[in-house]
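Chain by chain, the residues run as shown.
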Amino acid sequence: MIKVYSFSKNGSKSLSKHFAVKEFVSNVNGRIRYDSVKIDTKLINKLEKLFKFGMDSVVIISGYRHPKDSIAVGGYSNDAHTKGIAADIICYKNRKALKSKYVAALASLIGFSGIGIISETSVHVDVRNYKNYSNAHWWGDERTGNDNIVDFFKYCKISKAELYGEIGYYGESLYFIKAKRKTAVYYDENGKRFKKHYTAGKVARVWATKGKYSKVLSGWVKTADLKKI
Ligand SMILES: [Zn+2]
């Protein structure tokens, strides 16, 4: 549902646990000329899901755009931002901006119908559908003009395990492995603190990968010592 807020009266109002109206106000390089802020509740609900995957913060670079502001920033007077259904975002994990390939892949899992990689760290997301927009689905890369991305994992050459390792999300077991040999299980993904051994043939679930290591229930094991089954 699209809601309309007054920036001057309700700018500090919370939209959800992590977002407030003022973050979405239309502006041109920080200059605010229009008081009304249009925001789709579906957009906020989907943005909140980024936190469920362990994001520390999500910065809204651009939310609602008045049609005239949209033109002033190089967009169109009728694009998704002017309808209150879009946001350009940068996600932070461990105080570092997450690379856009991970943000875009995660956005595709969350179910944003509009996703566009803008730069190394910024991504456009929106909740377009056939009722509120001219096309109901668009996944693209604004850096190259590719408008036909079907799968962000394939396009960005990353796996779900790598994404989960990058954002520290261990909420979904992805596949099983068998230890090829007696192998060490470590407390962290750098293989620094030894915890215990797996005996050869031990079967375990994998929740994520990071660098040379795979996350199993009790810690991290060298991926080279494992066989996917
Ligand atoms: Zn955008």
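Given the structure is predicted, the values throughout are model-derived calculations rather than measurements. (Residues numbered from 1 in each chain as written. Predicted model: local features only at pLDDT ≥ 70, side-chain atom pairs only at ≥ 80, totals over all residues. Heavy atoms only, no water.)

Undergrad: Would you mind showing me how to read the layout of surface pockets here?
TA: In this approach the atoms are scanned with a rolling probe the size of a water molecule, which exposes any empty space left behind. As a volume, the largest pocket reaches approximately 470 Å³. Residue lining of the largest pocket: 22 residues in total, with R65, G75, D79, H81 and E142 positioned closest to the centre. The set of elements that each furnish at least two residues to the lining of the largest pocket consists of β3 (57–62) and β7 (123–126). When the residues that make up the lining of the largest pocket are grouped by side-chain class, the tally is 7 nonpolar, 9 polar and 6 charged. One number sums up the size of the second largest pocket: a volume of about 170 Å³. For the lining of the second largest pocket, the class distribution of residues is 3 nonpolar, 1 polar and 5 charged. (1 Å grid on protein atoms, 1.4 Å probe; cavity = no way out; pocket = protein on both sides within 12 Å on 5 of 7 lines; lining within 4 Å. Points joined across faces, edges and corners; volume = space filled by probe spheres on them. Helix = DSSP H or I, 4+ residues; strand = E, 2+ residues; numbered from the N terminus. Nonpolar A, V, L, I, M, F, W, Y, C, P; charged D, E, K, R; others polar.)

Undergrad: Explain the domain arrangement of the protein to me, please; I cannot follow it from the model alone.
TA: When the parts of a complex come together, some accessible area is lost, and that lost area is often used as the size of the interface. Considered domain by domain, the protein is made up of domain 1 (2–156) and domain 2 (165–228). Taking the mean C-alpha position of each, domain 1 and domain 2 sit 35 Å from one another. (Domains from an automatic or database assignment.)

Undergrad: Even after reading the chapter, I still don't get the coordination of the zinc ion, so can you show me in this structure?
TA: Ideal coordination angles are 109.5 degrees for a metal with four donors arranged tetrahedrally and 90 or 180 degrees for a metal with six donors arranged octahedrally. Around the zinc ion, the donor atoms from the protein are H81 (NE2), D88 (OD) and H124 (ND1), and they sit 2.0 to 2.1 Å away. Look at where the donors of the zinc ion fall in the sequence and you get H-x6-D-x35-H. Residue H81 is located in the loop between α3 (67–72) and β4 (86–93), and its partner H124 is located in strand β7; the two are separated by 43 residues in the primary sequence. Like H81, the residue H124 is buried in the burial classification. (Donors = N, O, S within 2.8 Å, 3.2 Å for Na, K, Ca; no water. Buried < 20%, exposed > 50% of the residue type's maximum accessible area, 1.4 Å probe, protein only.)

Undergrad: Help me understand a nonpolar patch on the surface, please; the structure alone is not making it clear to me.
TA: Residues F176, V203 and I229 make up a contiguous nonpolar surface patch of about 260 Å² in total accessible area. Examined against the element boundaries, I229 turns out to sit in the segment after β16 (226–228). (Patch = residues over 30% accessible without salt bridge, like charges linked within 9 Å, V, L, I, M, F, W, Y side chains within 5 Å. Areas by Shrake-Rupley, 256 points an atom, 1.4 Å probe, with all protein chains shown as cover. Salt bridge = Lys/Arg side-chain N within 4 Å of Asp/Glu carboxyl O.)

Undergrad: It is not clear to me how the nonpolar core should be interpreted in this structure. Could you clarify?
TA: In globular proteins that are soluble, nonpolar side chains generally tend to be buried together. Core analysis: the largest hydrophobic core is formed by 49 residues, its most contacted members being F24, L47, I89, F112, F152 and I167. When residues of this core are assigned to their parent elements, the largest contribution, 7 residues, is made by helix α4 (residues 100–110). Of the residues that make up this core, three or more belong to each of domain 1 (2–156) and domain 2 (165–228). Apart from the residues within four sequence positions on either side, F152 is in contact with A104, A105, S108, I115, I117, W139 and G140. Within the second largest apolar cluster, 9 residues are counted, among which are I177, A179, Y198 and V206. (Core = buried A, V, L, I, M, F, W, Y, C linked by side-chain atoms within 4.5 Å. Contact = heavy atoms within 4.5 Å.)

Undergrad: In this structure, what is going on with unusual backbone geometry? I would like to understand it.
TA: Negative phi characterises most residues that are not glycine, and trans characterises most peptide bonds. Here the phi dihedral of N94 falls at roughly 55°; this positive angle occurs in a residue that is not glycine. Topologically, N94 is positioned in the loop between β4 and β5 (96–97). By relative accessible area, N94 is classed as exposed at 59%. Although it is not a glycine, K157 sits at a positive phi angle of roughly 55°. Looking at the secondary structure, you find K157 in the loop between α5 (152–155) and α6 (160–167).

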